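For reference, the chains in residue letters:
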Amino acid sequence: MQYPLPVETPKSFAYVKRNIPTVTVEQRERVLRATHYNEFAFPAGMLTVDMLSDSGTTAMTDLQWSALFLGDESYGRNKGYYVLLDAMRDVFERGDNQKRVIDLVRTGCEDVEKLMDEMYLCEYEGGLFNGGAAQMERPNTFLVPQGRCAESLLFSVVSQILNERHPGKNFTIPSNGHFDTTEGNIKQMGSTPRNCFNKELLWEIPEGGKYPKNPFKGNMDLDKLQALIDEVGPENIPMIYTTITNNTVCGQPVSMANIRAVSEIAHRYEIPYMFDAARWAENCYFIKTNEEGYADKSIFEIAKELFSYCDGFTASLKKDGHANMGGVLAFRDKGYFWKKFSDFDSNGNVIRDVGITLKVKQISSYGNDSYGGMSGRDIMALAAGLYESGRFDYLHERVSQCEYLAQGFYKAGLPVVLPAGGHGVYLNMDKFFDYKRGHDTFAGQGFSIELIRRYGIRVSELGDYSMEYDLKTPEQQKEVVNVVRFAINRSQLSQEHLDYVIAAVTELYHDRDSIPNMRIVKGHNLPMRHFHAFLEPYPAAK
């Protein structure tokens, strides 16, 4: 028997409370001037609500904190290395048929034969995470501190190989939406990032503010992708990327049907198909709740199918690893990526294994391959967090928070992108300013700075300033989405925080004409300039 109530049943409670200091407008103004109006340099301890990023800002669970105390800080092949790689096999490849060797460590197993048979000496090959001797002979999984390290590792090695084969040649890497660090790493390797998505669909507002089903606005535009391949030639595309969820395109999810279709296009030309899988679990949630045929499948079963279509992936596991630190680069053993970037003699014998090249770079940049720049404590907390990320109740609560904020903005008349994504809410800055501010005004960044100054709320400008509209070609400029993101930290914020943000942004919207424009005074051409450029405000034209 059930006794339903018109409210949600609580799913968790907090053990630790952190107080927020009282800071005046004048104090925040002083700090903004001192930090050259760079929002990344503003002290977090002076903020009321920090929504700059959901990366590594997670409030970890009790199971993660307990796992942290089991961290093994050995330099070579710490216990956590085996646990984390097998957690990835569980989460990304095994679906509901998981081994959960983490429980051997949690329960203090002292049966050495059992540990050898079930953890230390298990052989795995053919997937994304080789094990045992296969991981040494053909390394294909590389632990790193965070996602941009995985991207740097990937693109620096790919760039080296391509430059050796084709000196000075420019390559194009398409995506449904490269995020800022991915785009920055691609540009630094001398290649051209391109985004193929449907901008008209993105800006569409459903009647009444809600769709019956999520329209998967993060999908790759298949026609644009095919046209780009035809234009530049498949031989000039070293890989195709899909970002899940599509952070650049307002955190919108990608359907399984679209992922399957892109995989088919890529493999038709023998082009490796890669994921930026930082928010894999949130994307699986949207597939489960919106795409036909997936309602009765678990998040892990959906993830198993999703990752079966890719040849490799990079991921910041500071997002859907539900952890404060961690990242990974992995590619399919003897798959398209391995074949494309390894070298072979005329008899098919391997001359250079790209996995060995990546491992050399990993060790020289981040340390031994079994920790990759992370502490043993972080590795264990991450392994536990991967399982938390696949828990439906957690994901439902998280996505519901995003939708609550988005609907609050919508009801207040703000130009919000709908539906909300799985990790944040985005405002259309062109529409916010009634299409009166040009691309050169960086008014979205002015909005971000003014939100800090008045209300102590920090968000992330992801439009003309951060995505470097002024430095792009006309074709690339069409792919820029001029937005500001309100990232929602995992398992941390309450409705009280969200209501405060809704009220503050609504007031600022009513006074939007007073928001200053911004100009760059130092660091205009620096890669990923928004992390370190100096700015100054100037009044908007009346």
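Look above for the structure.
Model, not experiment: these values are computed from the prediction.

A.B. asks: Quick question: what am I supposed to make of the overall build of the protein chain here?
C.D. replies: Of regular secondary structure, the protein chain possesses 21 helices and 16 strands. Since a compact globule built from 542 residues should have a radius of gyration of about 24 Å, the 23 Å found for the protein chain is in line with a globular shape. Judged by the C-alpha coordinates and their principal axes, the protein chain covers about 70 × 60 × 45 Å. Within the protein chain, residue pairs in contact and separated by at least 24 positions form 73% of the contacts whose partners lie at least 6 positions apart. Counting only carbon and sulfur atoms, one obtains 52% of the accessible surface of the protein chain, whose full area is about 22,400 Å².

A.B. asks: Help me understand the packing of aromatic side chains, please; the structure alone is not making it clear to me.
C.D. replies: Remark: the centre distance and the inter-plane angle together describe each pair of aromatic rings, the angle taken between the planes. Considering all chains together, one arrives at 26 aromatic pairs under this definition. Seen from their ring centres, tyrosine 285 and phenylalanine 286 are 5.8 Å apart, and the 80° between their planes marks the pair as edge-to-face. Of the two residues, tyrosine 285 and phenylalanine 286, neither departs from the other in class, the shared state being buried. In this structure an aromatic cluster arises from ring pairing among Phe92, Phe129, Tyr273, Phe275, Trp280, Phe307 and Phe313. One residue, lysine 288, lies across the ring of phenylalanine 392, its end atom 5.7 Å from the ring centre.

A.B. asks: What is the right way to read the nonpolar core from this model?
C.D. replies: By size, the foremost hydrophobic cluster in this structure holds 72 residues, and its most contacted members are Ile240, Phe275, Trp280, Phe307, Phe313 and Leu386. Among residues more than four places away in sequence, those in contact with phenylalanine 313 are Phe92, Leu128, Phe129, Met274, Phe275, Ala277, Phe307, Val328, Leu329 and Ala330. In this structure, Cys402, Ala420, Ala443 and Phe486 belong to the second largest nonpolar core, which totals 32 residues.

A.B. asks: Where do I start with the sheet that holds strand S14 (residues 483-487) in this structure?
C.D. replies: Two pairing modes exist for strands in a sheet, parallel and antiparallel, and in both the strands are linked by backbone hydrogen bonds. Strand order in this open sheet of 3 strands is S11-S14-S13, and the pairing throughout is antiparallel. In the strand order of this sheet, the two ends are held by strand S11 (424-428) and strand S13 (460-461), each with one partner. Sheet strands in contact with helix H19 (residues 443-455) are S11, S13 and S14, and its direction is about 35° off that of S14.

A.B. asks: Teacher, can you tell me more about the pattern of salt bridges here?
C.D. replies: Side-chain pairs of opposite charge can arise where the charged atoms are in close proximity. Going through the model one piece at a time under the given rule, you end up with 33 salt bridges. Here aspartate 54 and arginine 490 are joined by a salt bridge, their closest N and O atoms 2.9 Å apart. Taken as a pair, aspartate 54 in the loop between strand S1 (49-50) and helix H2 (62-68) and arginine 490 in the loop between S14 and helix H21 (495-510) lie far apart in primary sequence, 436 residues in all. With respect to class, aspartate 54 is no different from arginine 490; both count as buried. Note that lysine 114 is salt-bridged to glutamate 118, the shortest N-O span being 2.9 Å.

A.B. asks: Explanation requested: helix H3 (residues 79-92) in the structure shown.
C.D. replies: For the α-helix, the turn length of 3.6 residues means that residues three or four positions removed from each other point alike. A rise of 1.5 Å per residue sets the reference length of H3, with its 14 residues, at 20 Å; its end C-alpha atoms lie 20 Å apart and thus fit the reference within 8%. Most of H3 sits out of view: 13 of its 14 residues are buried. For H3, the side-chain oxygen to backbone nitrogen distance between the N-cap and glycine 80 is 3.0 Å, and the N-cap itself is asparagine 78.

A.B. asks: Got a minute to help me understand the pairing of S11 in this structure?
C.D. replies: Two faces, one strand: in a regular strand the side chains alternate between the faces of the sheet. Burial of S11 is extensive: 5 of the 5 residues sit out of reach of the surface. With 5 bridges connecting them, S11 and S14 associate as antiparallel partners. Pairing of leucine 427 across the sheet is with valine 484, part of S14.

A.B. asks: Just to check I follow, could you spell out the packing of H3 against helix H16 (residues 376-389) for this structure?
C.D. replies: Axis angle and axis distance: for two packed helices, these are the angle between their axes and the distance between the axes, and together they describe the pair. Orientation of H3 relative to H16, taken along the N-to-C sense of each, is 15°, at an axis distance of 9 Å. It follows from the interaxial angle that H3 and H16 lie roughly parallel. The two elements H3 and H16 cross, and the hand of that crossing is left-handed. Residue-level contacts link Gly80, Tyr81, Val83, Leu84, Asp86, Ala87, Met88, Asp90, Val91 and Phe92 of H3 to Ile379, Met380, Leu382, Ala383, Leu386 and Tyr387 of H16. Here the contact of H3 with H16 is composed, by residue class, of 13 nonpolar, 1 polar and 2 charged.

A.B. asks: Mind showing me how you'd approach the state of the cysteines here?
C.D. replies: Linking two cysteines covalently via their sulfur atoms produces the bond known as a disulfide. Summed over the entire model, instances satisfying the criterion amount to 0 disulfides. You can see cysteine 109 has no disulfide; the closest cysteine sulfur is in cysteine 122, sitting 12 Å from it. Taking relative accessible area as the criterion, cysteine 109 reaches 17% and is therefore assigned buried. Cysteine 284 supplies the cysteine sulfur nearest to cysteine 310, a cysteine that is in no disulfide, at a spacing of 11 Å.

A.B. asks: What is the right way to read the side chain of aspartate 221 from this model?
C.D. replies: Tracing the backbone through its elements, the reader meets aspartate 221 in the loop between helix H9 (199-203) and helix H10 (222-232). The side chain of aspartate 221 is buried and forms no salt bridge, while lysine 224, the nearest opposite charge, is found at 4.2 Å. Of the polar contacts made by the side chain of aspartate 221, one reaches the backbone nitrogen of aspartate 223; its length is 3.1 Å. Aspartate 221 has contacts with Cys196, Phe197 and Asn198, leaving out every residue within four places of it along the chain.

Each value, and the rule that gives it
- Residues numbered from 1 in each chain as written.
- Predicted model: local features only at pLDDT ≥ 70, side-chain atom pairs only at ≥ 80, totals over all residues.
- Heavy atoms only, no water.
- Helix = DSSP H or I, 4+ residues; strand = E, 2+ residues; numbered from the N terminus.
- Rg over C-alpha atoms; globule rule 2.2 N^0.38 Å.
- Contact = heavy atoms within 4.5 Å.
- Areas by Shrake-Rupley, 256 points an atom, 1.4 Å probe, with all protein chains shown as cover.
- Phe/Tyr/Trp six-rings, centres within 6.5 Å; stacked < 30°, edge-to-face > 60°.
- Buried < 20%, exposed > 50% of the residue type's maximum accessible area, 1.4 Å probe, protein only.
- Lys NZ or Arg CZ within 6 Å of the ring centre and 35° of its normal.
- Core = buried A, V, L, I, M, F, W, Y, C linked by side-chain atoms within 4.5 Å.
- Pairing = 2+ DSSP bridges.
- Axes fitted to C-alpha atoms, helices over the stretch in contact; angles between N-to-C directions.
- Salt bridge = Lys/Arg side-chain N within 4 Å of Asp/Glu carboxyl O.
- Expected span 1.5 Å × (residues − 1).
- Polar contact = N/O pair within 3.5 Å; in protein donor to acceptor, adjacent residues only side chain to side chain.
- Parallel < 35°, antiparallel > 145°, perpendicular 65-115°, else oblique.
- Left-handed = near helix turned anticlockwise from the far one by under 90°.
- Nonpolar A, V, L, I, M, F, W, Y, C, P; charged D, E, K, R; others polar.
- Disulfide = S-S within 2.5 Å.
- Lys, Arg positive; Asp, Glu negative; His and termini not counted.

Geometric values such as these leave the question of function open.
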